[in-house]
Amino acid sequence: MIGIVYLGNNPQTEERLKYIPGRLVQLTKNYKDAAAACAPHVRNEHFIVFFEKNVRTEDITAITYLRKKCSNTYIILLTDQLTNEERQIYQRCGINDTLSMSASVTELNKKIQFISDREGIMFDDHVSKKHILKFKIPLWKRSFDIIFSSLAIILLSPVFIITAIAIKLESPGPVLFKSKRVGTNYTIFDFLKFRSMYTDAEKRLKEVSKTAGNQYSEKSEEEEAEESKATITAPLGDEAEMAMMAMGMESDMMISDEEVMLVGDDFVVAESDFSKQKEEEINNAFVKIENDPRVTKVGRFIRKYSIDELPQLFNILRGDMSIVGNRPLPLYEAEKLTADSSIDRFMAPAGLTGLWQVEERGKGGLMSAEERKQLDITYGQTYNFMLDMKIIFRTLTAFVQKENV
């Protein structure tokens with residue numbers, strides 16, 4: 001387990017850190033004590049240091065000392081604001097991240113959990129990096145990708161030109177849409193598509209999700225509203241917080257005869273309800289809107305015939321992804337798939353088309369997020385040349401989609 005160290009003199013921050021569930025936080029007042037606290041007691045032990053921003057010259061000395069003495073630390077600067085000059089200075093001397101001084105217990109815990117889940121890649125020591133499992137695309141697959149994508153770009157160049165003109169004529173804005181996607185090994189890259197939506201589409205995502213509905217969501221809005229009434233309890237008042245502190249509560253938990261209650265900075269929720277909500281977040285990680293009103297007329301046509309996907313041939317040629325593989329996910333979807341049960345889908349090729357795409361078309365576009373995830377994992381475990389050829393053939397025969405998927 002990652003150790004937690006606080007370096008600072010803020011009583012409010014100290015109090016919040018005491019209530020991080022399941023974590024023992026070492027409180028220190030000066031950088032030498034913090035360095036001593038970060039001394040590993042076991043091999044490959046790592047530490048997160050919450051560093052309270054103070055006088056800049058003193059901070060630089062302290063951070064530099066910590067970096068020199070403790071290579072096994074991830075330093076988070078607690079600050080409310082930084083100028084561009086300060087940001088560069090703090091980064092150069094060794095800060096890894098920043099967080100608000102007024103961050104709640106929940107926010108602090110989320111940050112700790114995020115780093116803990118990615119321990120193998122978040123720390124600089126060479127020992128941990130040797131144990132990172134990384135997928136490497138086979139030579140046969142990479143060779144096929146280069147040949148196939150090069151020929152396809154040449155043969156489809158008239159389609160590229162006509163599509164670009166049509167997009168420009170219908171609505172203002174760039175022809176290509178770039179979005180950050182997460183592919184193999186959680187690598188983030190610029191994912192290319194022909195623009196099929198109006199230019200303010202992403203800003204309207206939350207609004208459209210409420211009105212049009214998420215195809216992958218397993219609950220209606222009414223069901224979610226009723227469940228939220230049952231699971232979210234009243235916020236804690238000052239008197240309640242003080243009473244719990246006076247009782248000497250050592251963690252973020254209260255145990256009753258019937259249920260374990262998780263106590264956050266501004267909420268109380270039953271452990272079973274919290275686990276259920278977390279599971280539903282993972283199950284509904286994929287966002288897909290049916291009959292999306294954000295799509296242009298040209299966009300509907302190029303989506304129906306999958307023409308909007310053609311610029312990804314340049315992603316393939318560049319090595320960001322493969323012809324066949326698991327679909328690269330937007331950041332907001334990928335961040336919900338970091339559990340052990342989901343991580344295998346990222347230890348496989350990222351692709352233009354894949355197993356779940358052809359299976360989804362076969363089911364008329366009706367597929368749950370869990371089914372999609374399991375197909376991604378299955379492909380990563382079983383892919384080979386013949387399977388790739390079958391998927392490509394099924395993709396070409398299903399080119400004209402009968403359903404709006």
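Residues numbered from 1 in each chain as written. Predicted model: local features only at pLDDT ≥ 70, side-chain atom pairs only at ≥ 80, totals over all residues. Heavy atoms only, no water.

Novice: Pulling in residues and values, what's your account of the overall build of the chain?
Specialist: Of regular secondary structure, the chain possesses 19 helices and 13 strands. Considering the chain as a whole, with its 405 residues, one finds that 43% of them fall into the buried category. By sequence separation, contacts in the chain at least 24 residues apart represent 70% of the contacts at least 6 residues apart. For the chain, the exposed surface amounts to about 22,700 Å²; the carbon and sulfur share of it is 57%. (Helix = DSSP H or I, 4+ residues; strand = E, 2+ residues; numbered from the N terminus. Buried < 20%, exposed > 50% of the residue type's maximum accessible area, 1.4 Å probe, protein only. Contact = heavy atoms within 4.5 Å. Areas by Shrake-Rupley, 256 points an atom, 1.4 Å probe, with all protein chains shown as cover.)

Novice: Quick rundown of the packing of aromatic side chains? Include the residues and the values.
Specialist: Evaluated as defined, the whole model comprises 11 aromatic pairs. By way of ring pairs, the aromatic residues W140, F144, F148, Y379, Y383 and F385 are connected into one cluster. Of note, R345 hangs over the ring of F346, and the distance from its end group to the ring centre comes to 4.8 Å. (Phe/Tyr/Trp six-rings, centres within 6.5 Å; stacked < 30°, edge-to-face > 60°. Lys NZ or Arg CZ within 6 Å of the ring centre and 35° of its normal.)

Novice: Explain the sheet that holds strand β4 (residues 73-78) residue by residue, including any values.
Specialist: Taken in spatial order, the five strands make up an open sheet running β2-β1-β3-β4-β5, and their pairing is parallel. Two strands close off the open sheet at either side, each with one partner strand: β2 (25-28) and β5 (97-99). Adjacent strand axes in the sheet meet at a mean angle of 25°, parallel and antiparallel pairs treated alike. The sheet contact formed by strand β1 (residues 3-7) and strand β3 (residues 47-52) spans five bridges and is parallel. Residue pairing across strands places Y6 opposite F50, the latter belonging to β3. (Pairing = 2+ DSSP bridges. Axes fitted to C-alpha atoms, helices over the stretch in contact; angles between N-to-C directions.)

Novice: Tell me about the sheet that holds strand β7 (residues 188-194), and please be specific about residues and values.
Specialist: Pairing within the open sheet is antiparallel, and its three strands lie in the order β7-β6-β12. What marks the edges here is a single partner per strand, and that holds for β7 and β12 (329-330). Two elements, strand β6 (residues 176-182) and β7, share seven bridges in a ladder whose sense is antiparallel. Paired with K180 across the two strands is D190, which belongs to β7.

Novice: Residues and numbers for the packing of helix α3 (residues 56-69) against helix α4 (residues 84-93), please.
Specialist: Packing of α3 against α4 brings their axes to within 9 Å, and their N-to-C directions diverge by 25°. Here α3 is positioned roughly parallel relative to α4, judged by the angle of their axes. From α3, R56, D59, I60, I63, T64 and R67 reach across to α4, where they touch E85, E86, I89, Y90 and C93. For the contact of α3 with α4, the per-class residue count stands at five nonpolar, one polar and five charged. (Parallel < 35°, antiparallel > 145°, perpendicular 65-115°, else oblique. Nonpolar A, V, L, I, M, F, W, Y, C, P; charged D, E, K, R; others polar.)

Novice: Help me get a handle on the side chain of D388, residues and values and all.
Specialist: Examined against the element boundaries, D388 turns out to sit in helix α19 (residues 385-397). Since its relative accessible area comes to 4%, D388 is described here as buried. Those residues within four positions of D388 in sequence are excluded, and the remaining contacts are W140, K141, V324, Y379 and Y383.

Novice: Outline the pattern of salt bridges, listing residues and values.
Specialist: In total, this model carries 11 salt bridges according to the counting rule given. Between E309 and K193 there is a salt bridge, with the nearest N and O atoms lying 3.6 Å from each other. Here the residue E309 occupies a position in the loop between α14 (297-304) and α15 (312-318), and K193 occupies one in strand β7, the gap between them amounting to 116 residues. E309 sits in the buried class, given a relative accessible area of 18%. Across the pair D320 and R318 runs a salt bridge whose closest N-O atoms are separated by 2.8 Å. (Salt bridge = Lys/Arg side-chain N within 4 Å of Asp/Glu carboxyl O.)

Novice: Give a description of the side chain of D376 that names residues and reports values.
Specialist: Position of D376 relative to the elements: it lies in helix α18 (residues 369-382). Looking at D376, its side chain comes within polar contact range of the side chain of R345, at 2.8 Å. The residues touching D376, leaving out its near neighbours within four places in the chain, are N326, R345 and W356. (Polar contact = N/O pair within 3.5 Å; in protein donor to acceptor, adjacent residues only side chain to side chain.)

Novice: Go over the pairing of β3 with me, naming the residues and quoting the values.
Specialist: Of all six residues that make up β3, six are buried, and the element is covered over most of its length. Neither face of β3 is open: one carries F47, V49 and F51, the other I48, F50 and E52, and all of them are buried. A crossover links β3 with its parallel partner β4, the connecting element being α3, and its sense is right-handed. (Right-handed = clockwise from strand over helix to strand, strands pointing away.)

Novice: Give a detailed account of unusual backbone geometry, specifying residues and quantitative values.
Specialist: With phi around 60°, N185 is a residue other than glycine that occupies positive phi space. Mapped onto the elements, N185 comes out in the loop between β6 and β7. Unlike most non-glycine residues, S306 shows phi in positive territory, near 60°. Its location among the elements puts S306 in the loop between α14 and α15.

Novice: I'd like to hear about the nonpolar core, residue by residue, with values.
Specialist: Counting 29 residues, the largest nonpolar core has F194, L313, Y379 and I391 as its most contacted members. In this view, I391 contacts V324, T353, G354, L355, V358 and Y379; residues no more than four positions away in its chain are not counted. The next biggest cluster of nonpolar side chains, apart from the first, holds 20 residues, and it includes Y6, V105, M122 and F123. (Core = buried A, V, L, I, M, F, W, Y, C linked by side-chain atoms within 4.5 Å.)

Novice: Now, about a nonpolar patch on the surface: what can you tell me, with residues and values included?
Specialist: Taken together, W140, F385 and M386 make up a surface patch of nonpolar side chains, about 310 Å² in accessible area. When its relative accessible area of 34% is taken as the criterion, W140 is described as partly exposed. (Patch = residues over 30% accessible without salt bridge, like charges linked within 9 Å, V, L, I, M, F, W, Y side chains within 5 Å.)

Novice: Lay out the state of the cysteines in plain terms, naming residues and giving numbers.
Specialist: Scanning the entire structure with this criterion turns up zero disulfides. Not part of a disulfide, C38 finds its nearest cysteine sulfur in C70, a span of 4.7 Å. Residue C38 is classed as buried on the basis of its relative accessible area of 0%. (Disulfide = S-S within 2.5 Å.)

From the geometry alone we can't say anything about function, so treat these as descriptive.
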